[in-house]
Amino acid sequence: AMEKPVIPTEEQLEILEYHFCKVNKHPDPTTLCLIAAETGLSEEQTLQWFKQRLAEWRKSEGLPSESGSVRD
């Protein structure tokens, strides 16, 4: 089942985008926890957002939306 997309506020989005673009597209659990705390989203939602964002990014780069075993 598709989880429904996370719709962050503008403020949350700024933080999420900053981390995605400038820090790490694949945050580790510790980083994820910190981002969640910073945004006020749950870790689950934060992870979900990163997954969605990564899929969009891969599509925009002309890559398959799922990375499989190969890390970016």
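Residues numbered from 1 in each chain as written. Predicted model: local features only at pLDDT ≥ 70, side-chain atom pairs only at ≥ 80, totals over all residues. Heavy atoms only, no water.

- The protein chain has the name Homeodomain-only protein in an unreviewed UniProt entry, where Sitta europaea is given as its organism.
- The record held by UniProt for the protein chain lists under Subcellular location (unreviewed entry) the comment "Nucleus". (UniProt positions renumbered as here; feature names shortened; annotations may be inferred.)

**Some thoughts on the packing of aromatic side chains**
Consideration 1: Scanning all chains against the criterion turns up 3 aromatic pairs.
Consideration 2: Both rings, one in Phe20 and one in Trp49, keep their centres 6.2 Å apart while their planes meet at 90°; by these two values the pair is edge-to-face. On the criterion of sequence distance, the pair formed by Phe20 in helix H1 (residues 10–23) and Trp49 in helix H3 (residues 43–60) is long-range, its members being 29 residues apart. Residue Phe20 shares its accessibility class with Trp49, and that shared class is buried.
Consideration 3: The interplanar angle of 50° and the centroid separation of 6.0 Å between the aromatic rings of Phe20 and Phe50 together place this pair among those described as tilted. Remark: Phe50 occurs in helix H3 and Phe20 occurs in helix H1; sequence separation between them is 30 residues.
Consideration 4: Cluster of aromatic residues (ring-pair linked, three or more members): Phe20, Trp49 and Phe50.
Consideration 5: Between the NZ or CZ atom of Lys25 and the centre of the ring of Phe20, over which it lies, the distance is 5.0 Å.
Consideration 6: Against the face of Trp57 rests Lys25, its NZ or CZ located 4.9 Å from the ring centre. (Phe/Tyr/Trp six-rings, centres within 6.5 Å; stacked < 30°, edge-to-face > 60°. Helix = DSSP H or I, 4+ residues; strand = E, 2+ residues; numbered from the N terminus. Buried < 20%, exposed > 50% of the residue type's maximum accessible area, 1.4 Å probe, protein only. Lys NZ or Arg CZ within 6 Å of the ring centre and 35° of its normal.)

**Digging into H3**
Consideration 1: Between the first and last C-alpha of H3 there are 25 Å, a value that for 18 residues agrees with the 26 Å anticipated at 1.5 Å per step.
Consideration 2: Where H3 is buried, its residues contact H1 and helix H2 (29–39).
Consideration 3: Gly62 occupies a position one or two residues after H3 and carries a positive phi of about 75°. (Expected span 1.5 Å × (residues − 1). Contact = heavy atoms within 4.5 Å.)

**Thoughts on the packing of H1 against H3**
Consideration 1: Where H1 contacts H3, the axes come no closer than 11 Å and their chain directions differ by 60°. As judged from the angle between their axes, H1 and H3 are oblique. Seen along the crossing, H1 lies across H3 with a hand that is right-handed. Residue-level inspection shows Leu13, Leu16, Glu17, His19, Phe20 and Cys21 of H1 in contact with H3, the latter providing Thr46, Trp49, Phe50, Arg53, Leu54 and Trp57.
Consideration 2: Considered class by class, the residues forming the contact of H1 with H3 number 8 nonpolar, 2 polar and 2 charged. (Axes fitted to C-alpha atoms, helices over the stretch in contact; angles between N-to-C directions. Parallel < 35°, antiparallel > 145°, perpendicular 65-115°, else oblique. Left-handed = near helix turned anticlockwise from the far one by under 90°. Nonpolar A, V, L, I, M, F, W, Y, C, P; charged D, E, K, R; others polar.)

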